[in-house]
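One-letter residues, chain by chain:
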Amino acid sequence: MRVAWFSPLPPVKSGIASVNAALLPRLDAELVIDRFADAPAQSASRVFNAHDFVWMARRAPYDLVVYQLGNASCHDYIWAYLVAYPGLVVLHDPRLHHARARQLLQQGRADDYRAEFWYDHPEAERDVVEYAVAGLGGPIYYCWSMLRVVLRTARAVCVHNARVASDLRDEFPGARVETIRLGTPALTPPTDARSRLRAELGVGDDTTLFAMFGKITAEKRVVPILEALDILVREGIDAHLLLAGDASGFTDLHDRVRSARAASRVHLTGYMDDERIGASLAAADACLCLRWPTALETSASWLQCLSASRATVITDLAHLADVPSAVALRVDLLDEVPSLLAAMRTLAIDRRARTELAAAGYAYWAANHTVDGMADDYRRIIPLAARLPAPRASNLPAHFVEDRAAFARSIARTFDATVDILAAPASPS
């Protein structure tokens, strides 16, 4: 089977790029997979520029196109293809409003954004869209998912959570929605990584080092974490916080840290590759993996922490209700700082609880979230999706169906010429 695979790939700094880099070699033995990236590495095998897809697909049609879709800007190029070439869409973020608002409005396409929002959410008040057009979007994006175009045009859609899949089936009865487990590779840092990194940070062996991994954003609840750390230190508990990841989108992070009473105990690293993340996980005693508001995503950084046998703290979200209570401590959003403080205090002073939580978390990851398990799910879903017919969605927003050649045609007509050089030849008379 020949498959076209649209996804960001390394060296793009993206968790989804890393996941796909680990997944695809496991599928190459059974499938012929051409990777289509926005800016592919020159030396990579079977990796092509996405602009080459159309002529390659015309020359030798693919059995299936797979789209790895998320909210980050590195996925923006995929939107030009997923309606014209229906395939299997893997939704890493089951709310895509952030991506569509950013991409369309930054390109000055406010009318296209309005049309797409109204199509996706016909029940919404018409003027709601003007908040985003005026630059006031932000948290309101979480209120409207902007998924209808995707769900109505894909052969099949996959998400990483069974509860989310069930909700999408209820919301879009005609769509085929499946669940694929998100897998992450186990990171194996050097044996001296813990002592070496803690020495670099000036953190003693008896100090509790909390850590947050992945892209650092306000939604990761950094401000409540800093509040809880301040209180913990005032109580006399020797604790430090490591924020390990790209924080370029969190413009006032440094100001937030500087204003914290425990500022000297907070360490910012910037973006880390997998090798450096592995070393940081080895140095950490417990990991804080919070999220609110949520796009209903499954956190790859949380799974990495579990795979490294680290105790974790997560936000108590509805779509995570099936995660056993022994796997992670939970933070109640209605009582966030006290709830978070209690969890951090427990992990700081109770080594046995920390060890038991880490062991349960690792067992949960090993049973549910390995890359091999994820590959097995793709092996099940890909043939199924390839057999499904392409949906015939009607009344789609014009920017998804027009071919952008109208202006070129109008010029060509003045010369009695055509730009439709790939049209079928006329039947002989």
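A. Local environment of the packing of aromatic side chains. Evaluation of the coordinates by the stated rule reveals 17 aromatic pairs. Consider the rings of Trp5 and Tyr378, whose centres lie 5.5 Å apart with planes at 45 degrees: the pair is tilted. Here Trp5 is found in strand S1 (residues 2-6), whereas its partner Tyr378 is found in helix H15 (residues 371-387), with 373 residues between them in sequence. Judged by its relative accessible area of 1%, Trp5 falls in the buried class. Here the aromatic rings of Tyr362 and Trp365 are separated by 5.4 Å at their centres, their planes lie at 45 degrees, and the arrangement is tilted. In this pair, Tyr362 and Trp365 are both assigned in helix H14 (residues 351-368), 3 residues apart and thus about one turn of the helix distant. Note on Tyr362: relative accessible area 35%, which makes it partly exposed. The buried category is assigned to Trp365, whose relative accessible area is 6%.

B. Inspection of the packing of helix H3 (residues 97-106) against helix H4 (residues 110-120) at higher detail. Viewed as axis vectors pointing N to C, H3 and H4 meet at an angle of 155 degrees, and their least axial separation amounts to 8 Å. It follows from the interaxial angle that H3 and H4 lie roughly antiparallel. Crossing of H3 against H4: the hand is right-handed. On the side of H3, the interface is formed by His97, Arg100, Ala101, Leu104 and Leu105, while H4 contributes Ala110, Asp112, Tyr113, Glu116 and Phe117. Tallied by class, residues from the contact of H3 with H4 come to 6 nonpolar, 1 polar and 3 charged.

C. Quick peek at the side chain of Arg354. Its place among the elements puts Arg354 in helix H14. One buried charged residue, Arg354, remains without a salt bridge, the closest side chain of opposite sign being Asp285 at 4.0 Å. Other than its neighbours up to four places away in sequence, Arg354 contacts Thr208, Asp285, Ala311, Leu347 and Ala348.

Quick notes on the rules
Residues numbered from 1 in each chain as written. Predicted model: local features only at pLDDT ≥ 70, side-chain atom pairs only at ≥ 80, totals over all residues. Heavy atoms only, no water. Phe/Tyr/Trp six-rings, centres within 6.5 Å; stacked < 30°, edge-to-face > 60°. Helix = DSSP H or I, 4+ residues; strand = E, 2+ residues; numbered from the N terminus. Buried < 20%, exposed > 50% of the residue type's maximum accessible area, 1.4 Å probe, protein only. Axes fitted to C-alpha atoms, helices over the stretch in contact; angles between N-to-C directions. Parallel < 35°, antiparallel > 145°, perpendicular 65-115°, else oblique. Left-handed = near helix turned anticlockwise from the far one by under 90°. Contact = heavy atoms within 4.5 Å. Nonpolar A, V, L, I, M, F, W, Y, C, P; charged D, E, K, R; others polar. Lys, Arg positive; Asp, Glu negative; His and termini not counted. Salt bridge = Lys/Arg side-chain N within 4 Å of Asp/Glu carboxyl O.

That is the geometry; function is a separate question.
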